Amino acid sequence: MNKMISSLTLVLSLLVITQAGATSHDAADITIHNPWIRSAPPNAPTLGAFMEIHNNSNHNIKLLSANTSGYKRLELHKTEHKNGMMKMIKQDFMPILAHSKLTLKPGSWHIMMVSPELVPSEGDFVMIKLAFDNGLSTTLRAKVRKGNMTMKHQQL
Ligand SMILES: [Cu+2]
């Protein structure tokens, strides 16, 4: 009898934890629009992933990391102008301000996908997992497509 009660208590506790988790990390705080990856030649050493990240909450949120399988690693990058040059700088996080959005696009903020095992073809989808500092993580489906070539970025 005691054993049964303790299992029941465990189940109830788990339910409570699950529900608490759902409210404190409300998925609606962050919404991702238009995730895409710029198509690249089969021997490309890196690929760029782009999207709009909307923060619908009252507080600033940081994107801490991006992950996927089939790549050596994913890095958070920002292309900056320095002394007339365009340079990609690795970032520790991407800031998404309260009630604002961060646009990841060629020549600006982007996720750099380093050393693909196999470069995806145009029309393919790649799953990318994003982790934020509010505990939220979300997996998105990014379509591989042609992007406008920003010549300056290409010269890097
Ligand atoms: Cu980059």
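Located above this text is the structure these notes cover.
What counts as what
Residues numbered from 1 in each chain as written. Predicted model: local features only at pLDDT ≥ 70, side-chain atom pairs only at ≥ 80, totals over all residues. Heavy atoms only, no water. Donors = N, O, S within 2.8 Å, 3.2 Å for Na, K, Ca; no water. Tetrahedral: all angles 85-135°; square planar, octahedral: opposite > 155°, others 65-115°. Helix = DSSP H or I, 4+ residues; strand = E, 2+ residues; numbered from the N terminus. Buried < 20%, exposed > 50% of the residue type's maximum accessible area, 1.4 Å probe, protein only. Contact = heavy atoms within 4.5 Å. Salt bridge = Lys/Arg side-chain N within 4 Å of Asp/Glu carboxyl O.

Asker: Please set out the coordination of the copper ion residue by residue, giving values where relevant.
Answerer: Note on the copper ion: its protein donors are His 77 (ND1), Met 88 (SD), His 110 (NE2) and Met 112 (SD). The metal-donor distances range over 2.1 to 2.3 Å. If you look at the copper ion, its four donor atoms make angles of 95 to 123 degrees with each other, and the shape they trace is tetrahedral. Counting residues between consecutive donors of the copper ion along the chain gives the motif H-x10-M-x21-H-x1-M.

Asker: Break down the environment of Ile 32 for me, citing the residues and quoting the values.
Answerer: Residue position: Ile 32 is located in strand S1 (residues 30–38). With relative accessibility at 22%, the residue Ile 32 sits in the partly exposed group. Each C-alpha atom, one on Ile 32 and one on Lys 101, is 9.4 Å from the other, the two residues being 69 residues apart in sequence. Ignoring any residue separated from it by four or fewer positions in sequence, one finds Ile 32 in contact with Met 51, Glu 52, Ile 53, Leu 130, Phe 132, Thr 138 and Leu 140.

Asker: How would you summarise the pattern of salt bridges if you had to cite specific residues and measurements?
Answerer: When their charged atoms lie close together, side chains carrying opposite charge are able to pair. All chains considered together, the criterion is met by five salt bridges. Here Lys 101 makes a salt bridge to Glu 52, at a shortest N to O gap of 3.6 Å. Of this pair, Lys 101 sits in strand S7 (residues 100–104) while Glu 52 sits in strand S2 (residues 46–55); the two residues are 49 residues apart in sequence, bridging distant segments of the chain. Two residues, Arg 73 and Glu 75, come together in a salt bridge whose shortest N-O distance is 2.6 Å. Through salt bridges with shared partners, one network takes in Lys 78, Glu 80 and Lys 82.

Geometric values such as these leave the question of function open.
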